[in-house]
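In case you want the letters, here they are:
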Amino acid sequence: MPGAASLVVALRPLLPLQIRAVENDPTLVEIGDRWSLALNGNWTWRRDSGVVTSWGHPSAEDAVWDLCGSKVIGIYFPDPAFDGDCSFRLTTGSLDITSDRSGWETWTFHHDDLDVVFVGH
């Protein structure tokens with residue numbers, strides 16, 4: 001399975017990716033033209049001013065709709081050897097994903113132009 005560094009390289013020529021739709025039941029899914037990002041666990045949407053909302057927060061159901069129109073402009077892995085924790089950089093802040101280290105997937109990224117689905121554990 002491709003690692004963190006592979007996704008950074010594969011994603012670079014495809015950026016920016018506009019978020020056209022959002023689903024949150026209970027997985028947060030961002031959908032764009034020919035791509036999707038599913039966040040299956042602990043995530044936090046941050047802006048410069050602080051936390052907008054997070055997984056399990058009562059405001060999440062309504063707040064995530066404001067992600068529509070944002071663009072994914074990059075991805076960052078605090079530890080490039082571990083793909084479970086990452087931050088998808090947005091024009092409206094960042095979506096930070098934190099793994100519970102259980103081995104279950106925390107996020108998946110699919111783009112029609114790429115031959116693989118990227119998975120963080």
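In the block above lies the structure referred to throughout.
What counts, and where the lines are drawn
Residues numbered from 1 in each chain as written. Predicted model: local features only at pLDDT ≥ 70, side-chain atom pairs only at ≥ 80, totals over all residues. Heavy atoms only, no water. Phe/Tyr/Trp six-rings, centres within 6.5 Å; stacked < 30°, edge-to-face > 60°. Helix = DSSP H or I, 4+ residues; strand = E, 2+ residues; numbered from the N terminus. Lys NZ or Arg CZ within 6 Å of the ring centre and 35° of its normal. Pairing = 2+ DSSP bridges. Axes fitted to C-alpha atoms, helices over the stretch in contact; angles between N-to-C directions. Patch = residues over 30% accessible without salt bridge, like charges linked within 9 Å, V, L, I, M, F, W, Y side chains within 5 Å. Areas by Shrake-Rupley, 256 points an atom, 1.4 Å probe, with all protein chains shown as cover. Salt bridge = Lys/Arg side-chain N within 4 Å of Asp/Glu carboxyl O. Lys, Arg positive; Asp, Glu negative; His and termini not counted. Charge placed at Lys NZ, Arg CZ, Asp CG, Glu CD. Contact = heavy atoms within 4.5 Å.

S.K.: Break down the packing of aromatic side chains for me, with residues and values.
M.R.: Working definition: an aromatic ring pair is given by the centre-to-centre distance plus the angle between the planes. What the rule picks out here adds up to 3 aromatic pairs. Considering the side-chain rings of Phe88 and Trp107, the 5.8 Å spacing of their centres and the 80° angle between planes classify their relative orientation as edge-to-face. Of this pair, Phe88 sits in strand β8 (residues 86–90) while Trp107 sits in strand β10 (residues 107–111); the two residues are 19 residues apart in sequence, bridging distant segments of the chain. Here the basic side chain of Arg101 rests over the ring of Phe82, its NZ or CZ set 3.8 Å away from the ring centre.

S.K.: Describe the sheet that holds strand β2 (residues 21–24), and please don't skip the residues or the numbers.
M.R.: Pairing is antiparallel in the open sheet, where 5 strands are placed in the order β2-β3-β4-β10-β11. Lying at the two open borders of the sheet, with one neighbouring strand each, are β2 and β11 (118–120). Sheet twist, expressed as the mean angle between neighbouring strand axes with direction ignored, is 10°. In terms of strand pairing, β2 meets strand β3 (residues 28–32) through 4 bridges, oriented antiparallel. Looking at β3, one finds that Glu23 is bridged to Val29.

S.K.: So what's going on with a negative patch on the surface? Which residues, and what values?
M.R.: Taken together, Glu23, Asp25, Glu61 and Asp62 make up a surface patch of like negative charges. Within the element layout of this structure, Glu61 appears in helix α2 (residues 60–63).

S.K.: Quick one: what's the story with the side chain of Ser54, residue by residue and with numbers?
M.R.: Locating Ser54 in the fold gives a position in strand β6 (residues 50–54). If sequence neighbours within four positions are ignored, Ser54 has contacts with Trp43, Thr44 and Ala60.

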